[in-house]
Amino acid sequence: MELHSLTIEEARNAMQKGELSPVELADAFIKRIEAVEKKIRAYVTVTKEGAETMAKEAEDAMKKGAESPIAGIALAVKDNICTQGVKTTCSSKILGNFIPPYESTATKKLRDTGYVLIGKTNLDEFAMGSSTENSAFGHTRNPWDITRVPGGSSGGSAAAVAADMCIAALGSDTGGSIRQPASFCGVVGLKPTYGRVSRYGLVAFASSLDQIGPITKNVKDSAILLNVISGHDPKDSTSASVAVPDFTTPLGQDIKGMKIGIPKEYFIEGIEKEVGESVKAAVKQLESLGAIPVEISLPHTGYAVAVYYILATSEASSNLARYDGVKYGLRAEGEDLLDMYMRTRAAGFGAEVKRRILLGTYALSSGYYDAYYRKAQQVRTLIKEDFDRAFEIADAIATPTTPTPAFKAGEKTDDPLQMYLADIFTISANLAGVPGISIPCGFTSQNLPVGLQIIGKHFDEESVLKIAYAYEQSTEWHKRKPKL
Ligand code: GLN
């Protein structure tokens, strides 16, 4: 097997046996990136020299007996997660030259355990989008069909994992940005429970929804990475003080008797036939493994997209007020202070970001606040209560991750509403704060991956991973690779 196709677990085993060194592994990825990045364009920055240095450090630490599940493992990080000394752009012109003076908690934990940063991946500007077409630095392409989008906003991370340009990657998920691109690219993407992973150093989009999580080649690697990045952080007051279990423990345990909720609102018209069929077959497969499908209802599902686009844009309009040309980032000269602000923001933000700032400012403005923002918060509570009720009957919920497979580049760029609907199945989990994973569950006749989403109770990533692993190990989908 080629080095660039290894999983975290395989690379780790080879290193422990002395058959592979971190430097060899990092070199293999640099070569792979040189060979296929032209086609895929998953990276904003490839940290070739930094990777070599980090790999040498990991190698030295290993020689001294350091033990870590990710020592010397080459990972990519979405370019909205701050990495000290390494450019972090959010794929926006306004942060085009921003070099953070500090490290996010998630990447600090990776650093402390010896990972190798191979590069920063492309995204929709400030994570706003579902196709990575909103990047100021070019579009990323889907490795399964380069005329199609990789999904978004973590499209660079998902495409890099699918194209073997890193072992695994970090993404962020506000309304589906880990799970939807994972589904489109045929890899595994996990959004943890809100509060499970610190958001410190994740550039804020919608703070009550944002969460960092792993994008990996299989479920085991997802659990391994989640183990490293989870935990309470005094620097993020919304990170939860709950115990972090070993997420690899439930893998391989029996799922017999587990109740899998199938929400009747998710198998609706408009979902592409082959997607529906693959997901139904996946539910049958879970049944053959002993799980018990039960019909459930999430009656407020129909409001999720509207609620999300009021709350996420409201929070974004406030979070993005800080990009004013004063302390950091792009600055355009102006006649006076106000003129400078306006020119800076006009030049620095792309069209979708501007649309969202306008929407959010409107929803929060005096006279409209009650009709939009407050109402959306109330409906958010109803959506959360839907999940609470469903979890009285079900141990986990299975749905399609997306209503369609990867769409063509350019297909939805002129129609924001169509683009927003790409997240119809992923948004509710963010609104409710519950964890969700997308795993490959089939391919369409055009050889495009289909994703199965498994959603769990708050802080019950263990059940999510257990079910996902049982399914994955009984199928072959995750072993397929795109031809590049
Ligand atoms: N696609 C959704 C949006 O455009 C979700 C993005 C995300 O999860 N960051 O907002």
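Let us look at the structure shown here. Note that the structure is predicted; figures quoted are calculated from it, not measured.

Remarks on the pairing of strand 9 (residues 396-400)
As a general feature of sheets, a regular strand has side chains that alternate between the two faces.
Link 1 in the chain: The element strand 9 is largely enclosed, with a buried count of five among its five residues.
Link 2 in the chain: Bridge analysis of strand 7 (residues 259-263) against strand 9 gives two bridges, and the strand direction is parallel. Looking across to strand 9, one finds that glycine 261 is bridged to isoleucine 397.
Link 3 in the chain: For strand 9 and strand 11 (residues 449-455), the ladder comprises four bridges, and the chain directions are antiparallel. Across the sheet, residue isoleucine 397 finds its bridge partner in strand 11, namely isoleucine 455.

A short note on the side chain of serine 198
Link 1 in the chain: Relative to the assigned elements, serine 198 resides in the loop between strand 5 (188-191) and strand 6 (211-216).
Link 2 in the chain: Within polar-contact distance, the side chain of serine 198 engages the backbone nitrogen of tyrosine 200 at 3.0 Å.
Link 3 in the chain: Polar side-chain contacts of serine 198 include one of 2.6 Å to the side chain of aspartate 233.
Link 4 in the chain: Look past the residues within four positions of serine 198 in its chain and what remains in contact with it is Thr105, Ile212, Gly231, Asp233, Asp236 and Ser239.

Observations concerning the site of the ligand
Link 1 in the chain: In the region of the ligand, 15 residues are neighbours, and Gly175, Ser177, Tyr308, Arg356 and Asp423 sit closest.
Link 2 in the chain: One of the side-chain N or O atoms of tyrosine 308 is found 2.6 Å from an oxygen atom in the ligand.
Link 3 in the chain: One nitrogen or oxygen atom from the side chain of aspartate 423 is found 2.6 Å from a nitrogen atom belonging to the ligand.
Link 4 in the chain: Relative to its free-state accessible area of 290 Å², the ligand is covered by the protein chains to the extent of 100%.
Link 5 in the chain: Partitioning the shell around the ligand into residue classes produces five nonpolar, seven polar and three charged.

Considering the pattern of salt bridges
Side chains bearing opposite charge may pair, as long as their charged atoms lie close to each other.
Link 1 in the chain: Per the counting criterion, the structure on display carries 21 salt bridges.
Link 2 in the chain: Across the salt bridge formed by arginine 148 and aspartate 145, the nearest N and O atoms sit 2.9 Å from each other.
Link 3 in the chain: Take arginine 148: its relative accessible area is 10%, and that puts it in the buried class.
Link 4 in the chain: A salt bridge links glutamate 277 to lysine 273, with the shortest nitrogen-to-oxygen separation between them at 3.3 Å. Residue glutamate 277 and its partner lysine 273 are both found in helix 8 (residues 273-288); the two are separated by four residues, about one turn of the helix.
Link 5 in the chain: Judged by its relative accessible area of 65%, lysine 273 falls in the exposed class.
Link 6 in the chain: Residues joined in a network through salt bridges with shared partners are Asp164, Lys217 and Lys481.

Describing helix 10 (residues 337-348)
Since there are 3.6 residues in each turn of an α-helix, residues three or four apart along the chain are aligned in direction.
Link 1 in the chain: An ideal rise of 1.5 Å per residue puts 16 Å on 12 residues; helix 10 measures up with 16 Å between its terminal C-alpha atoms.
Link 2 in the chain: Taken together, the buried positions of helix 10 are Asp339, Met340, Thr344 and Gly348. Burial along helix 10 is one-sided: seen end-on, the buried residues are contained in an arc of 140 degrees. Facing away from the buried side of helix 10 by more than 90 degrees, the exposed set consists of Leu338 and Met342.

Thresholds, definitions, all that
Residues numbered from 1 in each chain as written. Predicted model: local features only at pLDDT ≥ 70, side-chain atom pairs only at ≥ 80, totals over all residues. Heavy atoms only, no water. Buried < 20%, exposed > 50% of the residue type's maximum accessible area, 1.4 Å probe, protein only. Helix = DSSP H or I, 4+ residues; strand = E, 2+ residues; numbered from the N terminus. Pairing = 2+ DSSP bridges. Polar contact = N/O pair within 3.5 Å; in protein donor to acceptor, adjacent residues only side chain to side chain. Contact = heavy atoms within 4.5 Å. Near = heavy atom within 4 Å. Areas by Shrake-Rupley, 256 points an atom, 1.4 Å probe, with all protein chains shown as cover. Nonpolar A, V, L, I, M, F, W, Y, C, P; charged D, E, K, R; others polar. Salt bridge = Lys/Arg side-chain N within 4 Å of Asp/Glu carboxyl O. Expected span 1.5 Å × (residues − 1). Arc of directions from axis to C-beta.

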